[in-house]
Amino acid sequence: MINKEPVISNDMFAPAHIDPSKSEKIAKPSLNFWQDSWLRVRKNKGAVISLVVIVILLILSFVGPLITPYKFDTQNTDNHDLPPRIQGLEHIHWLPFDGALTRKDGTSYNAYEARHVKQYYWFGTDELGRDIFARLWKGTQVSLFIAFMAALVDMLIGVTYGAVSGYIGGRTDSIMQRILEVIVGIPNLVVAVLMILVLKPGIVPIIIAITFTSWTSMARVVRAQVLKFKNQEFVLAARTLGASNSSIIFKHMIPNMFGVIIINTMFSIPNAIFFEAFLSFIGLGLQEPKASLGTLVNEGYKQMLAFPYQMIIPSIMIALIMICFNLVADGLRDALDPKMRD
Amino acid sequence: MVKYLFQRVLYMIITLFIVVSVTFFLMKLIPGTPFNNWEKLSDTQRHILLVKYGFDQPVPVQYVHYMVNMLKGDLGVSFQFNNTPVTELLAQRVGPSAVLGAQALIVGALLGIVLGVIAALKQNTWVDYGATFIAVIGKSIPNFVFAGLLQFYIAVKLGWLPVMFWNGPTYTILPTIALAMFPISIAARFMRTEMVEVLGSDYITLAKAKGASYWEISIKHALRNALIPVITVMGPLAVSLMTGSLVIEDIFGIPGIGDQFVKSIMTNDYPVIMGTSILFAALFVFIILVVDILYGIIDPRIRISGGKAK
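Residues numbered from 1 in each chain as written. Chains lettered and ligands numbered in written order. Predicted model: local features only at pLDDT ≥ 70, side-chain atom pairs only at ≥ 80, totals over all residues.

1. Observations concerning the overall build of chain B
Our working rule: The numbering of helices and of strands both runs from the N terminus, where a helix is a DSSP run of H or I of at least 4 residues and a strand a run of E of at least 2. The contact criterion used is a C-beta to C-beta distance within 7 Å, with each C-beta placed from the backbone.
Secondary structure summary: chain B contains twelve helices and zero strands in total. The long-range fraction of contacts in chain B, counting pairs at least 24 apart against all pairs at least 6 apart in sequence, stands at 73%.

Listed below in structure tokens is the structure:
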């Protein structure tokens, strides 16, 4: 192979024009923390879709019980255990909305025709004839409420504990950390179960039982952040200007760690949903006629053999919610965590 | 190291002491009675029962009594199972739980690692996305929901495997899968991250430059180095399996400790609830300790003083 010498003549070059007034020009638009984070989150399609799904489910959990003529706790024992049937969709045979039930020998029949039921139950009815569609949305509403409340309480306790422990430091920090270590060492499910046994099942006891052990990770993260910020110049500046300790913590430090706090809260929401469902599933959840996703799965599970739709519908819902929250939390972590910045 | 170990064991004992005390007093606060037909009994009969189980004494005395007995290895007797000692009751049930837990951990870790490695080697292809999808599903869906669906589709509909109970190896397959989903997804995600990082490092480039084959690079250079940090997540996973087994054992009717715990809760069988809680707490604390020590041994970069127990 012959290497050709490329001919480079002087007239191919021109002096670059330097405009001193533009050397300091900021080419990228200046974005604050939230705008910047939103740009990053937006790139993650899974997270955005999940966020949309969560918003839709949240709205439906309030609207859903209103758009069906049946109430979530009204029993109609004549119409018990009816399979799903939806107007219009019932004629599309591969969709499971035709009101058909399968007998033990594998043959199927239309339960609505066999029992002369005129109504349409979109997601069927349970063993007491309550509309599963209404119960499902009511349950979603309750489960999400418990999860959000638990996450909020986690955040409040965790941030306060972590900030105090890290900021005061010294012996106080050391004692608070030892207490934390002991709490982390307690198996959370066992404690939650015992708490519910004492407090009697209900929404507030469930929230207390969930938050009893789950605030610790938030406290640790916040403490680490406070330790990091404590000796930085902006804190020194605030102190020089005479800011009080609480204003340094809450006005100067906490806003700087919004990212990690949000990430942690987002992960504690699916965690709380799981906990609530778990407690309900072993019979320590909400009592009848109230519904949560956990109690619905539990009720459906008992009827699994004869009426599988009663278990499958709430199972799909709980899976969908958990997947969406996990994806959003992952997306937020990737977007907000300074270590992941490109 | 010795000082650290001593300190950790001390915390372990304090934690256990607190768990036992809290459990004891919580049990005393629970409304309701563990005895059957309590309403139908006469006052004398009730008194005889209370004296028999020591419930006529003041709570602090009962507490001291319980603590002393516990140190001797006596956790009291069950109210529901013909006064069987709690330790005996639990001892019978350790076997199935241990088998199930070990199987789920091994299956979960192996499958997770394989999935993570494949995802990292085929980074940003549909294989990678598929593996990530499986990981998200496994992490998200509660194991009891998954167990219910497995039972329905695999066991009832298809009839491939037994629906429930514990009568041989085939009976262990479904509960193992249900329980292993979480370890699989965690191990896969962790493995993928580590593997991607290792594959981008200089010594892999060097190995490529030397002309090492694809498989040699993947297995000998990348996998071995990526495996080290993954070992550290095994401890938290073992802990999560313990709690997961509570409800999985209940669903599949496996005669393990978790099943016993759930049943005792339903029947107000206080001594068994307490005994099981203590056993769980002890195992939990012990696993955390072992994991923390392993961290230091496996990866010297993680200094014990700074190593976070997670």
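2. Thoughts on the overall build of chain A
Quick reminder of the rule: Counting other C-beta atoms within 10 Å of a residue's own tells you its class, since 20 or more makes it buried, 12 or fewer makes it exposed, and anything in between is partly exposed; those C-beta atoms are placed from the backbone.
Each helix and strand in chain A was counted, giving 13 helices and two strands. Counting across all 342 residues of chain A, residues that qualify as buried make up 42%. Pairs at least 24 residues apart make up 70% of the contacts formed inside chain A by residues separated by at least 6 positions.

3. Description of helix α6 (residues 188–199) of chain A
Residues and elements named next belong to chain A. Keep this limit in mind: The span one expects for a helix is its residue count, reduced by one, times 1.5 Å.
Its twelve residues give α6 an end-to-end C-alpha distance of 16 Å, which sits within 8% of 16 Å, the value for a rise of 1.5 Å per residue. Extensive coverage of α6 is indicated by the burial of ten of its twelve residues. Of all the positions in α6, only N188, L189, V190, V191, A192, V193, L194, M195, I196 and L197 are classed as buried. Two residues or fewer after α6 comes K200, characterised by a positive phi angle close to 70°.

4. Looking at the environment of F258(A)
Residue and element names in this part refer to chain A. Along the chain, F258 turns up in helix α11 (residues 258–281). The class for F258 is partly exposed, based on 13 C-beta atoms found within 10 Å. Spatially, the C-alpha atoms of F258 and L332 are 12 Å apart, while their sequence positions differ by 74 residues.

5. Points about the interface of chain A and chain B
Just so we agree on the cut-off: For this classification, the nonpolar set comprises Ala, Val, Leu, Ile, Met, Phe, Trp, Tyr, Cys and Pro, the charged set comprises Asp, Glu, Lys and Arg, and every other residue, Gly included, is treated as polar.
On the side of chain B, 35 residues touch chain A, which itself brings 32 residues to the contact. With eight residues, helix α13 (residues 309–336) of chain A is the single largest residue contributor to the side of chain A that touches chain B. Of the residues in the side of chain A that touches chain B, the class split is 27 nonpolar, four polar and one charged.

6. Considerations on helix α12 (residues 293–302) of chain A
Of all ten residues in α12(A), nine are buried; the element is thus mostly enclosed. Residues of α12(A) that are buried: L293(A), G294(A), T295(A), L296(A), V297(A), N298(A), E299(A), G300(A) and Y301(A).

7. Thoughts on the confidence of the model for chain B
Residues and elements named next belong to chain B. Operational definition: Values of pLDDT, the confidence the predictor places in each residue, fall between 0 and 100.
Of the residues in chain B, 86% have a pLDDT of 70 or more, and the chain-wide mean is 77. Looking across chain B, the model is least confident in helix α2 (residues 43–52), with a mean pLDDT of 73, and most confident in helix α5 (residues 126–140), with 84. Note on the complex model: pTM 0.80, ipTM 0.76.

8. Points about the packing of helix α8 (residues 202–210) of chain B against helix α9 (residues 214–231) of chain B
Residues and elements named next belong to chain B. What counts is decided by this rule: Simply put, an axis is a line fit to the C-alpha atoms, just over the touching stretch for a helix, and the angle between two N-to-C directions goes from 0 to 180 degrees. For this classification, under 35 degrees means roughly parallel, over 145 means roughly antiparallel, 65 to 115 means roughly perpendicular, and everything else is oblique. The hand of a helix crossing depends on one turn: near helix anticlockwise from the far one by less than a right angle means left-handed, and clockwise means right-handed.
Relative orientation of the contacting elements α8 and α9 amounts to 150°, with a least axis distance of 11 Å. Taken together, the axis directions place α8 and α9 in an arrangement best described as roughly antiparallel. Helix-helix and strand crossings are classified by hand; for α8 and α9 the assignment is right-handed. Listed contacts from α9 to Y203, I204, A207 and K208 of α8 are I217, H221 and A222. Across the contact of α8 with α9, the residue classes break down as five nonpolar, one polar and one charged.

9. A short note on the environment of N44(A)
Take N44(A): it is sitting in the loop between α1 (33–43) and α2 (45–67). Through-space distance from the C-alpha of N44(A) to that of G331(A) is 6.3 Å; in sequence the pair is 287 residues apart.

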